[in-house]
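# Results of the structural survey
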Amino acid sequence: MQSKLITNKHLLRKILSFAFFLLVSTYAFAQNAVTGTVMDNTGMPLIGVSVVEKGTTNGSVTDIDGKYTVNVEKGKTLVFSYIGYVTQEVEVQSNTINITLSEDAQLLDEVVVIGYGSMERKDVTSSITTVKAEDLNVGVYTTPAQLLQGKVPGLTIANTSDPNGSASISLRGASTLRTGEAMEPYYVIDGVPGVSLSLIAPEDIESIDVLRDASATAIYGSKAANGVIIVTTKKGNKDGRTNVSYSGYVAWDKTLNTLDMMTADEVLAYADANGIDLSSYYDVNNPADVNWQDEVLRTAFSHNHNVAINGGNEKTSYNASINFLERQGVVRGTGMDRLTARSFLQTKAFNDRLDLSFNVNASISNNESGPTDNEGRSALDAMNYYLPLNPIYNEDGTYYGRTTSQYYNPVSLINEDRYKTTQKLLQGVAKATVHIIDGLDWNLNLSYQNEQYIYNKYHSSQSQIVTYASRNGDAERSTVENIKKQMETYINWDHTFNDAHKVGVMLGYSWEQS
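The residue numbers shown here count from 1 along each chain, following its written sequence. pLDDT decides what is reported in this predicted model: residues at 70 or higher carry local features, side-chain atom pairs at 80 or more are listed and counted, and totals for whole chains, interfaces and linings draw on all residues regardless. Each side-chain value is worked out from all heavy atoms of the structure, with water and hydrogens disregarded.

### Observations regarding the sheet that holds strand β1 (residues 33–39)
Stated precisely, the cut-off is as follows: Whether two strands pair comes down to DSSP finding at least two bridges between them. Where helices and strands are cited, they refer to DSSP runs of H or I of at least four residues and of E of at least two residues respectively, numbered from the N terminus.
An order of β4-β1-β7 is seen for the 3 strands of this open sheet, with the pairing classed as mixed. The sheet terminates laterally at β4 (67–71) and β7 (99–100), the two strands that pair on one side only. Across 5 bridges, β1 lies against β4 in antiparallel orientation. Residue pairing in the sheet places V34 in a bridge with V70 of β4.

### Describing the sheet that holds strand β17 (residues 243–253)
Note the cut-off: To obtain each axis, a line is fitted to C-alpha atoms, and for helices this fit is confined to the stretch in contact; angles are then taken between N-to-C directions over 0 to 180 degrees.
The strand order across the open sheet built from 9 strands is β17-β18-β19-β20-β21-β22-β23-β24-β25, with neighbouring strands paired in antiparallel fashion. The strands lining the two open edges of the sheet, one partner per strand, are β17 and β25 (501–513). For this sheet the average axis-to-axis angle between neighbouring strands, irrespective of direction, equals 10°.

### Examining unusual backbone geometry
Rules: Residue burial is assigned from relative accessible area. The probe radius is 1.4 Å, only protein chains are included, and a residue is buried under 20% of its type maximum, exposed over 50%, and partly exposed in between.
In this structure, N351 is a non-glycine residue whose phi angle is positive, near 55°. N351 sits in the exposed class, given a relative accessible area of 75%. For N472, which is not glycine, the phi dihedral falls at a positive 65°. Within the secondary structure layout, N472 lies in the loop between α7 (466–469) and β24 (474–497). A relative accessible area of 57% means that N472 is categorised as exposed.

### Observations regarding the packing of aromatic side chains
Note the threshold: Working definition: rings of Phe, Tyr and Trp (its six-membered ring) pair if their centres are within 6.5 Å, and the pair is stacked with planes under 30 degrees apart, edge-to-face with planes over 60 apart, and tilted otherwise.
Taken as a whole and judged by the stated rule, the model has 8 aromatic pairs. Between the aromatic rings of Y453 and Y455, the centroid separation amounts to 6.4 Å while the plane-to-plane angle is 10°, which identifies the pairing as stacked. Take Y455: its relative accessible area is 36%, and that puts it in the partly exposed class. An aromatic cluster is present here, built from W292, Y385, Y386 and Y407 joined pairwise through their rings.

### Observations regarding the pattern of salt bridges
For clarity, the cut-off: Salt bridges, as used here, are contacts in which a Lys or Arg side-chain nitrogen is within 4 Å of a carboxyl oxygen on Asp or Glu.
Across all of its chains, the model carries 7 salt bridges by this definition. A salt bridge links D253 to R327; the shortest N-O distance between them is 3.7 Å. With D253 in strand β17 and R327 in strand β19 (residues 316–328), this pair connects stretches of sequence that are 74 residues apart. A salt bridge links R418 to E368, with the shortest nitrogen-to-oxygen separation between them at 3.7 Å. Here R418, found in strand β22 (residues 417–437), pairs with E368, found in strand β21 (residues 354–369); they are 50 residues apart in sequence, far enough to count as distant.

### Points about the environment of N415
Residue placement: N415 occurs in helix α6 (residues 410–416). Separated by 44 residues in sequence, N415 and H459 place their C-alpha atoms 9.2 Å apart.

### A closer look at a negative patch on the surface
Here is the rule we go by: Note that patches include only residues with greater than 30% relative accessible area and no salt bridge, and the join distances are 9 Å for like charges and 5 Å for nonpolar side chains (Val, Leu, Ile, Met, Phe, Trp, Tyr). Note that accessible areas follow from Shrake-Rupley with a 1.4 Å probe, and for residues the cover is restricted to the protein chains shown. In this charge count, Lys and Arg are treated as positive and Asp and Glu as negative; neither His nor the chain ends contribute. Taken as the charge centre is NZ of Lys, CZ of Arg, CG of Asp or CD of Glu, depending on the residue.
On the surface, D260, D265, E266 and D289 cluster together into a patch of negative charge. Along the chain, the position of D265 falls in helix α3 (residues 264–273).

### Brief notes about the nonpolar core
Put simply, the rule is: As used in this record, nonpolar core signifies buried Ala, Val, Leu, Ile, Met, Phe, Trp, Tyr and Cys residues forming a set joined through side-chain atoms within 4.5 Å. Should any heavy atoms of two residues lie within 4.5 Å, those residues are counted as being in contact.
Counting residues in each nonpolar core, the largest one holds 26 residues, and the members touching the most others are L148, I208 and V231. Listing elements by their share of this core, those giving two or more residues are β11 (155–158), β12 (168–171), β13 (186–189), β15 (205–211), β16 (228–233) and β22. Per-element tally for this core: the top contributor is β15, with 3 residues. Ignoring anything within four residues of it in the chain, the contact list for I208 reads T129, T130, V131, L136, L148, I229, I230 and V231. Judged by nonpolar contacts, the second largest core, of 24 residues, contains A264, V296, V331 and Y400.

### Comments concerning the side chain of E488
Inclusion rule: Polar contacts, as counted here, are pairs of nitrogen or oxygen atoms within 3.5 Å of one another; within protein the pair requires one atom able to donate a hydrogen and one able to accept it, and residues that are adjacent in sequence qualify only if both atoms are side-chain atoms.
With respect to the helices and strands, the residue E488 is situated in strand β24. Judged by its relative accessible area of 3%, E488 is buried. Reaching out from E488, the side chain makes a polar contact with the side chain of S510 at a distance of 3.2 Å.

### Digging into the pairing of β19
Burial of β19 is one-sided: the residues S317, N319, S321, N323, L325 and R327 facing one way are buried, the residues T316, Y318, A320, I322, F324, E326 and Q328 facing the other way are not. Where strand β18 (residues 300–312) lies against β19, 11 bridges are found, and the strand directions are antiparallel. Bridged to N306 within β19 is N323. Between β18 and β19, which follow one another and run antiparallel, lie 3 residues. Taken together, the 13 bridges between β19 and strand β20 (residues 335–349) define a ladder with antiparallel strand orientation. Following the sheet pairing, N319 is matched in β20 by F344. Following β19, the chain reverses through 6 residues before pairing antiparallel with β20; G333 in that reversal takes a positive phi of roughly 90°.

### Here we look at a nonpolar patch on the surface
On the surface, V244, Y246, V307, I309, I322, L339 and I364 cluster together into a nonpolar patch covering about 620 Å² of accessible area. For the nonpolar patch, the elements supplying multiple residues, two or more each, are β17 and β18. Residue class for I364 comes out partly exposed when judged on its relative accessible area of 40%.

Shape descriptors only; they carry no functional weight alone.
This is the structure:
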């Protein structure tokens, strides 16, 4: 009887195991890996398109090539959505679904800013993407271009965690073997080309138009070989009221993972096990136990504050704002702060035949860092190669160190070798537009920009870098000033024949000195 009971238990266990296997197998076969590519009407891959199973949170987004992969059962519905494009729903019947998204027809009457003018989107034949302020990314950004990440097809932005570093931005792919600014698009702010993005705060942006193809950028010449990004800032309202607004945020940055380094005891144990003599590299009678990553890295704090005032009526409008940004780096001794101020005034005269506008922008930024050289002269390198057996300070308060080259106390590098850069920017813009007759406008733009850069390097008498220690310290200061003047005048003529045929002509002259 007992043997029969045991046999039945074994049989029941096998049946349950088999049922569980069938259940898991059925679920596995029901899951279908769907892949594909999402493009626009011109065949350009769309980056950041949301691909989600309808009614769920199961989904993904397209990568830089417009490709996606999502696990979904056959018979379910995938929803493809992207800013400025018509949302599409497709029932899953195969493992490959390629989608072409069409621009939203409701947006075709939207005015798009192009080189030296504007057009309705439905009349634009070149590749232009417009991103409104409400659709821009939200977060801790030091340059407005980073707000576009994932919003524009073909625009690649590689961010850096260094608060003093700038994001690598490329449009339409690599066009040169050089790096940095040589790869970046050409920036136009409120119709003024070649303006530094440091002059505007992200909160002051109304919209950004990205000109991607050659026909859209040709008017700016070879400078626009990498594409053009046109930034339109906020203007005053016309409802007769004065509005005051404040926005701000606080943020923290922290290193997600650090290297698992040996402790002092582990180093000594390893040295004993392998017959390595470390006695000449530390104080045998008083060994320390320092986690150098904790001494170099920190939780960084950042905050941003923006105050704006705007108002006006049908004739005159104004806008003014002030912005302050401070951002610490996760490496001690690194950080930046920037103060930006902006004012704008626009008015009409002579029975609305003359439009006048005046704009003044100013910015002051300070960047601090330590040495990031090779041959070990970097705190990021030193925190990994410096022995945990070495203390931070000697008994007399000086930094512990050895005369050996390429072996530097990380804390000494942070505190005794300092680099600071101050950037001062000032820009004034005056614009006049005369409406000669309906459809015929004459425009005059005048711009003055002053850039000052002050570079400071200070190595104290306690610096362990051999070059400067032999001099008992070193200090350097250099300045660079660049003055840029621009004058542009052009005539726009737009006319529609028989309510069907549109003609647009632009004739102008541009002068620039720097």
